[in-house]
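Residue strings, one per chain:
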Amino acid sequence: MPAMTTTLPTSQEINSFLSSIRTCDSPIHLETLTPDSIKALYEIGSKPGIWTFARYKKESHESFKKYFDKVLARKDSVNFAIREAKSDKVIGFTRLKAIDLLKSRSEIGTWIIQEYQGKGFNYFIKKELLSVAFLLLKLDRIYSLINIDNVPSIKSLTRLGFKNEKNKNKDGMTESGKSIKLVYYYYDSAQFSDDYLT
């Protein structure tokens, strides 16, 4: 097992690492947040089509700002803007959150604006995100809790090699009080070299 890191790397270290592993055919690239990318994310984050399956809707500027202010305040996360390589336009956001260096795991979350969904970008987003998780942070597992009705995300994760651990599925609730089922999908570091690096 690789030596476990005990502190999170700096933005400069993360961006330097991403540059070193990025391939020229990638249609996207991740970067840690800058004032410019944060401004862009505040501008696009309430666009239609992003939050269809979210427990808490963020489809107004006010609701998105409230959510994203909390995201930026977290100290246990590494946050990234997703840029389209061709235009350098910010098209979404992804993060490692609830990073637990002792248990060697992290939750992930990703969203991109509707016009860039369904274009195969998720493979490249996850390749860079998982590289940070497993090669830089030396984590053993990343996971995601997804609304069971979010079939597109579940299909995307399973195509990427994520597996469902049924005993970690749980019940959740939307802001309107509707009960939903959250399914737990995970990806372990041992899979990563097989799936992505060969």
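Remember, it's a predicted structure, so these values are computed and weren't measured experimentally.

1. A word on the pattern of salt bridges
Here is step 1 of the chain: Counted by the stated rule, this structure contains 10 salt bridges.
Here is step 2 of the chain: Notably, a salt bridge pairs lysine 97 with glutamate 107, separated by 3.8 Å at the nearest N-O pair. Of this pair, lysine 97 sits in strand E3 (residues 90-100) while glutamate 107 sits in strand E4 (residues 105-112), and the two are 10 residues apart along the sequence. The same class applies to lysine 97 as to glutamate 107, namely buried.
Here is step 3 of the chain: Between arginine 141 and glutamate 165 there is a salt bridge, and its shortest N-O distance comes to 3.0 Å. With a gap of 24 residues between them, arginine 141 in strand E5 (residues 141-147) and glutamate 165 in the loop between strand E6 (163-164) and strand E7 (170-173) connect regions that are remote in the sequence.

2. Here's the deal with the pairing of E7
Here is step 1 of the chain: With four bridges joining them, E7 and strand E8 (residues 179-188) adopt antiparallel strand pairing. Directly across from lysine 170, in E8, lies its bridge partner leucine 182.
Here is step 2 of the chain: Between E7 and E8, which pair antiparallel and follow one another directly, the connecting turn spans five residues, one of which, glycine 177, has a positive phi of 95 degrees.

3. Here we look at the pairing of E8
Here is step 1 of the chain: Taking burial as the measure, the 10 residues of E8 include seven buried ones, the bulk of the element.
Here is step 2 of the chain: Of the pairings in the sheet, the one linking E6 to E8 comprises two bridges and is antiparallel in character. What sits directly across from lysine 163, in E8, is tyrosine 186.

4. Re the confidence of the model for the chain
Low pLDDT marks regions whose predicted coordinates should not be analysed in detail.
Here is step 1 of the chain: Averaged over all residues, the pLDDT of the chain is 91; the fraction at 70 or higher stands at 94%.
Here is step 2 of the chain: Ranking the elements of the chain by mean pLDDT puts helix H6 (residues 189-196) last, at 80, and strand E2 (residues 78-84) first, at 98.

5. Details of the side chain of lysine 126
Here is step 1 of the chain: Structurally, the position occupied by lysine 126 is in helix H4 (residues 121-136).
Here is step 2 of the chain: There is no salt bridge for the buried lysine 126, and the closest opposite charge comes from glutamate 107, which lies 12 Å off by N-O distance.
Here is step 3 of the chain: Among the polar contacts made by the side chain of lysine 126, one reaches the side chain of asparagine 122 at a distance of 2.8 Å.

6. Structural notes on the packing of aromatic side chains
Here is step 1 of the chain: Applying the stated criterion across every chain yields a total of 18 aromatic pairs.
Here is step 2 of the chain: Ring centres of phenylalanine 64 and tryptophan 111 lie 5.8 Å apart, and the angle between their planes is 90 degrees; on these two criteria the pair is classed as edge-to-face. Of the two residues, phenylalanine 64 is situated in helix H3 (residues 61-73) and tryptophan 111 in strand E4; the sequence distance between them amounts to 47 residues.
Here is step 3 of the chain: For phenylalanine 64, a relative accessible area of 1% gives the class buried.
Here is step 4 of the chain: Ring centres 5.2 Å apart and planes at 80 degrees place the aromatic pair phenylalanine 68 and phenylalanine 93 in the edge-to-face group. You can see phenylalanine 68 sitting in helix H3 and its partner phenylalanine 93 sitting in strand E3, a full 25 residues away along the chain. Considered together, phenylalanine 68 and phenylalanine 93 belong to a single accessibility category, that of buried residues.
Here is step 5 of the chain: Feature note: the residues Tyr42, Trp51, Phe64, Tyr67, Phe68, Phe93 and Trp111 constitute an aromatic cluster, connected by ring pairs.
Here is step 6 of the chain: Above the plane of the ring of tryptophan 51 lies lysine 58, whose end atom (NZ or CZ) is 4.2 Å from the centre.

Here is what the cut-offs are and how they apply
Starting afresh in each chain, residues are numbered from 1 along the sequence in its written order. Given that this is a predicted model, residues contribute local features only at a pLDDT of at least 70 and side-chain atom pairs are listed and counted only at 80 or more, while totals for whole chains, interfaces and linings are drawn from all residues. Side-chain measures were taken over the full set of non-hydrogen atoms in the model, leaving aside hydrogen atoms and water. Definition used for salt bridges: Asp or Glu carboxyl oxygen within 4 Å of a side-chain nitrogen of Lys or Arg. Helix numbers and strand numbers start at the N terminus; a helix is a DSSP run of H or I with at least 4 residues, a strand a run of E with at least 2. Each residue is assigned to one of three classes by its accessible area relative to the maximum for its type, calculated with a 1.4 Å probe on protein chains only: buried under 20%, partly exposed between the two thresholds, exposed over 50%. Two strands form a pair only when DSSP identifies at least two bridges running between them. Residue-level confidence of the predictor, termed pLDDT, takes values from 0 up to 100. Positive charges come from Lys and Arg, negative ones from Asp and Glu, while His and the chain ends are left out of the count. Within 3.5 Å is the distance limit for a polar contact, defined as a pair of N or O atoms, with the added protein rule that one can donate a hydrogen and the other accept it, and that residues adjacent in sequence qualify only through two side-chain atoms. Classification of ring pairs uses Phe, Tyr and Trp, with its six-membered ring standing for Trp, and accepts pairs whose centres are within 6.5 Å; under 30 degrees between planes counts as stacked, over 60 as edge-to-face, and the remaining range as tilted. Geometrically, a charge over a ring is one whose NZ (Lys) or CZ (Arg) sits within 6 Å of the ring centre while staying within 35 degrees of the ring normal.

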